[in-house]
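These are the residues of each chain, in order.
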Amino acid sequence: MAQPKGFGYLTFHTREVIVSQFAAVGLGNAIMDALVRIPDSSMLDRFGVTKGQMTPVDHERWMEVHDAVASAGVETASGGSCANTILSMGLMGAAVSYAGRVGSDDLGRIYRESLSAGCNHEAVQVSTTHATGKCLSLITDDADRTMLTDLGASVTMSDLAPFDEHIREAEILHVTG
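Residues numbered from 1 in each chain as written. Predicted model: local features only at pLDDT ≥ 70, side-chain atom pairs only at ≥ 80, totals over all residues. Heavy atoms only, no water.

In this section: the nonpolar core. Ile 86, Val 96, Tyr 98, Tyr 111, Leu 115 and Cys 119 are the most contacted members of the largest nonpolar core, which has 16 residues in total. Broken down by secondary-structure element, the contributors of at least two residues to this core are strand 4 (22-27), helix 3 (81-91), strand 8 (96-99) and helix 4 (106-118). Here this core takes four residues from helix 3, the largest share from any one element. Among the nonpolar cores identified, the runner-up in size contains 14 residues, and Ala 34, Met 43, Val 57 and Val 65 belong to it. (Core = buried A, V, L, I, M, F, W, Y, C linked by side-chain atoms within 4.5 Å. Buried < 20%, exposed > 50% of the residue type's maximum accessible area, 1.4 Å probe, protein only. Helix = DSSP H or I, 4+ residues; strand = E, 2+ residues; numbered from the N terminus.)

Next comes the structure, spelled out in structure tokens:
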């Protein structure tokens, strides 16, 4: 059982006390969310996507649809369920770290900056060959989300260095993706 203590967490095992540097660390798909409110579902038909579903797409298709709806106004935020969980814990004061992979593009830079605001540490790798993963959520007036997702660089992690050390120093490992 873990109990908060100073800058770490104490784990009690019989007579041994182990101090963990992190309350939790997370490993997941680093996905940038882009939210667009559209007036009705006719636009979904135009793009050939089914309302309320997630459709996997490549970078080119994602950009095509994004550019077509950009005039409606696009809100961006770092995302991915694991990153959202770890970032929330960090914003509540827990010592946390997150690992994922982004591209060496503007979305990747913004993603890393947003993590820095809430995480004590991060071990996000940067790919020079793949774009940052992203999810375009088309939100209709009835609040239904239709998502086009390009996983991009998030699925190209070849190793965990230096995040493997964070895993060893954590009380909880949260993995998604």
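Our next topic: helix 2 (residues 59-69). Regarding helix 2, the residues found buried are Trp 62, Val 65, His 66 and Val 69. Around the axis of helix 2, the buried residues are gathered within 100° of arc, so they sit on the same side. Opposite the buried face of helix 2, at more than 90 degrees from it, the exposed residues are Glu 60 and Asp 67. Looking at the packing, one finds that the buried side of helix 2 touches strand 5 (31-37), helix 1 (42-47), strand 7 (74-79), strand 12 (133-139) and strand 13 (145-150). (Arc of directions from axis to C-beta. Contact = heavy atoms within 4.5 Å.)

This next bit is on the pairing of strand 5. Taken together, the six bridges between strand 5 and strand 7 define a ladder with antiparallel strand orientation. In the sheet register, Val 36 faces strand 7, and the bridge partner there is Val 74. As paired elements, strand 5 and strand 12 share seven bridges and run parallel to each other. Bridge assignment links Arg 37 to a residue of strand 12, and that residue is Ile 139. (Pairing = 2+ DSSP bridges.)

One pass over the structure, following the stated rule, counts zero aromatic pairs. The ring of Trp 62 has Lys 134 lying over it, and the distance from NZ or CZ to the ring centre is 5.4 Å. (Phe/Tyr/Trp six-rings, centres within 6.5 Å; stacked < 30°, edge-to-face > 60°. Lys NZ or Arg CZ within 6 Å of the ring centre and 35° of its normal.)

Now for the sheet that holds strand 10 (residues 121-122). Spatially, the four strands line up as an open sheet ordered 10-8-4-14, and their pairing is parallel. Every interior strand has two partners, whereas the edge strands, strand 10 and strand 14 (170-175), have only one. Across two bridges, strand 8 lies against strand 10 in parallel orientation. Paired with Ser 97 across the bridge in strand 10 is His 121. The sheet contacts of helix 3 involve strand 4, strand 8 and strand 14, and relative to strand 8 the element is tilted by about 160°. (Axes fitted to C-alpha atoms, helices over the stretch in contact; angles between N-to-C directions.)

For the rest of this paragraph, the subject is helix 3. Among the residues of helix 3, those classed as buried are Cys 82, Ala 83, Ile 86, Leu 87 and Gly 90. Around the axis of helix 3, the buried residues are gathered within 120° of arc, so they sit on the same side. As for helix 3, its buried residues are in contact with strand 4, strand 7, strand 8, helix 4 and strand 14. Gly 93 sits one or two positions beyond helix 3 and adopts a positive phi of about 105°.

Below, the discussion takes up the pattern of salt bridges. Across all of its chains, the model carries eight salt bridges by this definition. Its salt-bridge partner being Glu 64, residue Arg 61 comes within 3.0 Å of it at the nearest N-O pair. Here Arg 61 and its partner Glu 64 are both found in helix 2, three residues apart, which amounts to about one turn of the helix. Classification of Glu 64 by relative accessible area gives partly exposed; the value is 47%. A salt bridge links Arg 112 to Glu 122; the nearest nitrogen and oxygen atoms lie 3.1 Å apart. You can see Arg 112 sitting in helix 4 and its partner Glu 122 sitting in strand 10, a full ten residues away along the chain. (Salt bridge = Lys/Arg side-chain N within 4 Å of Asp/Glu carboxyl O.)

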